[in-house]
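Commentary on secondary and tertiary structure
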Amino acid sequence: MQEDYNELFWFTVVARERSFTRAAALLGVSQSTISNAIKRLEERLGLRLLIRTTRSVAATEVGEKFLSAIKPRLEEIDADIADLMRYRDRPFGTVRINLSDYALESVVWPKLRGVLQDYPDLKVELFCDNGISDIIEERFDAGIRLGERLDKDMIAVKIGQDWRLVVVGSPEYFKTNPMPSTPQHLGTHTCINTRQHSAGGLYAWEFEKDDKQVRVRVDGQLTINHSGSMIGAALLGYGLAYLPESLVAGHIERGELIQVLDDWCPLFEGYYLYYPNRRQNNPALSLIADALRSKIGQEPMRRAE
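Everything numeric in this text was worked out from a predicted model, so none of it was measured.

1. Things to note about the pairing of strand β4 (residues 122–128)
Along any regular strand the residues' side chains alternate between the sheet's two faces. Sheet analysis places strand β3 (residues 93–99) next to β4, joined by seven bridges and oriented parallel. By the bridge assignment, L99 is partnered in β4 with C128. Crossover β3 to β4 through helix α5 (residues 101–118) is right-handed.

This is how it looks when you write it as structure tokens:
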């Protein structure tokens, strides 16, 4: 038998106050509404719970037992509801985001770590994938991708400045190999490849100069999908690597790596956090979007056909 919560709660108030008048004033409900509700409860149970007189109301013996049985349970429900209400203004739950390791290290983690400290009920799952994944099919709440590669019909928020990839190699490597002067020369070099997880193929290095765009497929002994490991391999002379400039700037300044093809390395549009329209009212995702939003003040935009 499924009971009406209001009927049960109103009964406890009337029994405690021993008055329909006082109970109605406390609950903000008319006396007749409360009286009729308790009559329905008694009829449904087949039990007389209250003794009503013109001057007072009192619980019957069975009514006292019924009150003792339901009052602790109602108090537990009230406590549980009060506990849940704290989430109204405090984002919680798990947000799954697909992104590259460079986006994680250079943009996301520096901005997100403070949010996790301030919101302990928020959980974030960061899945590193250097390819292009379908976030809807793979059940991610959001993805992070370069602006030029955004899916259509997505809401997107810019979270990082424009940046570029550069070609680097160690001094030891160049002792036995000439420095390439054009991207086509990379075909004669040993290079460190990256495989795109979602597409399955090796990443073709992208170059641009004087409005001329070139994509070069390189070859070498190593294929690595982690920027830090690629830097380590390049430092040890295993070949040329194509890496974000900010990750190797220090090594270049110290002479540990040599940058080549500088005038061919294009600037890429910065990273965007993007997500389906149906996710835009998710408080946890909104909190993350606000935290990651670029300082340039880019407003959310909608990708259209």
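2. Comments concerning the environment of R96
Note on placement: R96 falls in strand β3. Polar side-chain contacts of R96 include one of 3.3 Å to the side chain of E125. Of note is the side chain of R96, whose polar atom sits 2.6 Å from the backbone oxygen of R139.

3. Details of the pattern of salt bridges
Scanning the entire structure with this criterion turns up 13 salt bridges. When the shortest N-O distance is used, the salt bridge between R22 and E17 registers 3.7 Å. Classification of R22 by relative accessible area gives partly exposed; the value is 44%. Among the salt bridges present, the one from E245 reaches R164, with a minimum N-O distance of 3.0 Å. Linking E245 in helix α8 (residues 245–253) with R164 in strand β7 (residues 163–169), this pair joins segments that are 81 residues apart in sequence. Through salt bridges with shared partners, one network takes in E7, R40 and R44.

4. Regarding the environment of C128
Among the secondary structure elements, C128 is positioned in strand β4. Since its relative accessible area comes to 38%, C128 is described here as partly exposed. Considering only alpha carbons, one finds C128 and I144, 16 residues apart in sequence, at a separation of 9.9 Å. For C128, the residues in contact, after removing those within four places along its chain, are L99, S100, D101 and L104.

5. Some remarks on the packing of aromatic side chains
Across all of its chains, the model carries ten aromatic pairs by this definition. Here the aromatic rings of Y102 and Y271 are separated by 6.3 Å at their centres, their planes lie at 55°, and the arrangement is tilted. Residue Y102 is found in helix α5, and its partner Y271 is found in strand β13 (residues 271–275); the two are separated by 169 residues along the sequence. For Y102, a relative accessible area of 7% translates into the label buried. Residue class for Y271 comes out buried when judged on its relative accessible area of 7%.

6. Topic: a nonpolar patch on the surface
A cluster of nonpolar side chains, contributed by Y5, I77 and I81, occupies part of the molecular surface with about 230 Å² of accessible area. Checked against the element boundaries, Y5 lands in helix α1 (residues 5–17).

Reading guide: rules and limits
Each chain carries its own residue numbering, running from 1 in the direction its sequence is written. Predicted model: local features are reported for residues with pLDDT of at least 70 only, side-chain atom pairs are reported and counted for 80 or more only, and whole-chain, interface and lining totals are derived from all residues. Each side-chain value is derived from all of the structure's non-hydrogen atoms; neither hydrogens nor water enter the calculation. The rule for pairing is simple: two strands pair if DSSP sees at least two bridges between them. By the criteria applied, helices consist of DSSP H or I runs no shorter than four residues and strands consist of E runs no shorter than two, each listed in order from the N terminus. Orienting the strands away from the viewer, one traces the path from the first strand over the helix to the second; a clockwise path indicates a right-handed crossover. By the criterion applied in these results, polar contacts are pairs of N or O atoms within 3.5 Å in which, for protein atoms, one can donate a hydrogen and the other can accept it, and in which residues neighboring in sequence qualify only through two side-chain atoms. Salt bridges are defined by distance alone: a side-chain nitrogen of Lys or Arg within 4 Å of a carboxyl oxygen of Asp or Glu. With a 1.4 Å probe rolled over the protein chains alone, any residue whose accessible area is under 20% of its type maximum counts as buried; one over 50% counts as exposed, and the rest are partly exposed. Throughout, a contact is declared for two residues whenever any of their heavy atoms are within 4.5 Å. Each aromatic pair joins two rings of Phe, Tyr and Trp (for Trp, the six-membered one) with centres within 6.5 Å, and gets the label stacked for planes under 30 degrees apart, edge-to-face for over 60, and tilted for any other angle. Here, patches come from residues exposed beyond 30% relative accessible area and free of salt bridges, joined within 9 Å for like charges and within 5 Å for nonpolar side chains (Val, Leu, Ile, Met, Phe, Trp, Tyr). Each accessible area is a Shrake-Rupley estimate made with a 1.4 Å probe; only the visible protein chains count as cover when residues are assessed.

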